Amino acid sequence: MNGILPLWKPKGMTSHDCVMKVRKIFQTKKVGHTGTLDPDAEGVLPICIGEATKIVPFLTDTKKTYVAEVRLGIATDTLDATGKVVKQIKLDKFPDKQEIEDVLVSFQGEITQIPPMYSAVKVKGKKLYEYARKDQSVERPKRLVTIEELKLINCHRETFTIRVVCSKGTYIRTLCVDICEKLGYPAHMSKLRRTKVGSFAEEDCLTFSQIERAAEEGNRDALLLPIVRGIDHLDTFIVDEETKKRVLHGQKLPKPEKSLKTNPFAVLHQNSLLAIYEIHPQNKHVIKPVRVFRVNGKSEVK
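Residue positions within a chain follow its written sequence, with the count starting from 1. Since the coordinates come from a predicted model, pLDDT governs what is reported: local features require at least 70, and pairs of side-chain atoms require 80 or more to be given and counted, while whole-chain, interface and lining totals use all residues. Side-chain measures here rest on the full set of heavy atoms in the structure, leaving out hydrogens and waters.

**Q** Can you walk me through the packing of helix H1 (residues 15–26) against helix H6 (residues 208–216) in this structure?
**A** The angle between two axes is taken between their N-to-C directions and runs from 0 to 180 degrees, where each axis is a line fitted to C-alpha atoms and a helix contributes only its stretch in contact. Only DSSP runs of H or I covering at least 4 residues are called helices, and only runs of E covering at least 2 are called strands; the numbering of each starts at the N terminus. The contact between H1 and H6 brings their axes to 10 Å, and the two run at 15°. By the angle class used here, H1 and H6 are roughly parallel. Between H1 and H6 lies a crossing whose hand is left-handed. Residues Cys-18, Lys-21, Val-22, Ile-25 and Phe-26 of H1 touch H6, and the partners they reach there are Phe-208, Ile-211, Glu-212 and Ala-215. Oblique is the label for any angle not under 35 degrees, not over 145, and not in the 65 to 115 range, which are roughly parallel, roughly antiparallel and roughly perpendicular in turn. Crossing handedness follows the turn of the near helix against the far one: under a right angle anticlockwise gives a left-handed crossing, and clockwise gives a right-handed one. Contact between two residues is taken to exist if any of their heavy atoms lie within 4.5 Å; hydrogens are not considered.

**Q** Sorry, what's going on with the nonpolar core here?
**A** Among the nonpolar cores identified, the biggest contains 29 residues, and Leu-150, Phe-160, Ile-162, Val-164, Ile-172, Leu-175 and Ile-179 are the most heavily contacted of them. Contributing elements (two or more residues each) for this core: strand E4 (64–72), helix H3 (97–106), strand E10 (143–156), strand E11 (159–166), helix H5 (172–183) and strand E12 (187–197). Top element by residues in this core is H5. It accounts for six residues. Counting 20 residues, the second largest nonpolar core, distinct from the first, contains Trp-8, Cys-48, Val-197 and Phe-293. What is meant by a nonpolar core is a set of buried Ala, Val, Leu, Ile, Met, Phe, Trp, Tyr and Cys residues, joined one to another through side-chain atoms within 4.5 Å. Residue exposure (1.4 Å probe, protein chains only): buried if accessible area is under 20% of the type maximum, exposed if over 50%, otherwise partly exposed.

**Q** Where do I start with empty space enclosed by the protein in this structure?
**A** Remark: the empty space left among the atoms is shown by a probe the size of a water molecule rolled over them. The definitions used throughout rest on a 1 Å grid laid over the protein atoms alone, on which a cavity is an enclosed set of points accommodating a 1.4 Å probe that cannot get out and a pocket is an open set flanked by protein within 12 Å on both sides along at least five of seven lines; lining residues are those having an atom within 4 Å of a point. Grid points are joined across faces, edges and corners, and a volume is the space filled by probe spheres set on the points. For the coordinates displayed, the defined rule picks out one cavity of 30 Å³ or more. Counted as a void, the largest cavity has a volume near 70 Å³. Every residue lining the largest cavity is listed: Asp-38, Asp-40, Ala-41, Asp-80, Ala-81, Met-189, Ser-190, Lys-191 and Leu-192. The nonpolar class holds Ala, Val, Leu, Ile, Met, Phe, Trp, Tyr, Cys and Pro. Asp, Glu, Lys and Arg form the charged class, and all remaining residues, Gly among them, are polar. For the lining of the largest cavity, the class distribution of residues is four nonpolar, one polar and four charged.

**Q** Any chance you could explain the packing of aromatic side chains here in plain terms?
**A** Describing an aromatic ring pair means giving the distance of the ring centres and the angle of the ring planes. By convention, a stacked pair of Phe, Tyr or Trp rings (six-membered ring in the case of Trp) has centres within 6.5 Å and planes under 30 degrees apart, an edge-to-face pair has planes over 60 apart, and any other such pair is tilted. In total, this model carries zero aromatic pairs according to the counting rule given. Here, over-ring charges are defined by two tests on the NZ atom of lysine or the CZ atom of arginine: distance to the ring centre within 6 Å, and angle to the ring normal within 35 degrees. One cation-aromatic arrangement involves Lys-21 over Phe-208; the distance from NZ or CZ to the ring centre is 4.6 Å. Positioned above the aromatic ring of Phe-200 is the side chain of Arg-229, whose terminal nitrogen or guanidinium carbon lies 4.8 Å from the ring centre.

**Q** Please clarify how the sheet that holds strand E17 (residues 272–280) should be interpreted in this entry.
**A** Within a sheet, each strand pairs with its neighbour through backbone hydrogen bonds, oriented either parallel or antiparallel. Within the open sheet, the five strands sit side by side as E14-E16-E17-E18-E15. Their pairing is mixed. This sheet does not close on itself; its edge strands, each paired only once, are strand E14 (236–238) and strand E15 (253–254). Two strands are counted as paired when DSSP detects at least two bridges linking them. Note: E14 against strand E16 (residues 265–269), three bridges, orientation parallel. Paired with Phe-237 across the strands is Val-267, a residue of E16. The strands that helix H7 (residues 241–248) touches are E15, E16, E17 and strand E18 (283–292); relative to E17, the one it contacts most, it runs at about 70°.

**Q** How should the pairing of E17 be read in this particular structure?
**A** Residues in a regular strand point their side chains to alternate faces of the sheet. For E17, a buried count of seven out of nine residues is recorded, marking the element as mostly surrounded by other parts of the structure. The hairpin formed by E16 and E17 contains two residues between the paired strands, and Gln-270 there has a positive phi angle of roughly 50°. In this structure, E17 lies alongside E18, joined through six bridges in antiparallel fashion. Along E18, the bridge assignment pairs Tyr-277 with Pro-289. Between the antiparallel neighbours E17 and E18 lie two residues.

Set out below in structure tokens:
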């Protein structure tokens, strides 16, 4: 079986827990997720199965949408509600809607973030949370991320909710705390939902209870979406029957005459995904395969 399972990750499970459960339900080891969600968060987590695991890095690289609730007055060591309180103040004054919106504007576009200590970012071969658990300090690497949209949804005295559309690698916990630091308050992210990954939205997703029910009824494979759905942000190059054979053999090809809007891009034949190609880094007139998709020796068809 090959395809993408649009999972709604529940609270209380790690992304790895979800992968392990999907492996058991679909009885296959070839399963991978497309972007970690913290255990306390819920939301869209596309799971790639079979040949679809080849597109994991391309789907992970797409923009994501989150809805986050921020609580003022209480700071935690993890920057979210699961952590130990490290600072707490009495809130005599609350920021109004206009104050918050003015600060949100300053965080749109390309910004620099420092990953939280309780994260899986590696420094000197160890994950940051390993240092944090031993109360060890270490210099954290700065990273550039892009905040495409940042909107205030509602504001209720000590809490407010924001909607964020951002690039891969953005820490929403860090964003929430940085926003509140600029407002002049200690704070933490109290709730998080991921509502979109690439073209996969909340309304596309299935819960584990729905998936398990379909498996009991023998309909689990029907839940999988075609692999091409996971790379619909890439441009496409349509090839003929003869070229299809060359693609499935992983051969280099002359660069197509059509102007390609993305690099890499998808190669298709009669609506079937054959491969992902890119322009050769040493020869701009040639394209070469990055991934080739096969099901029983043939291209993926859905």
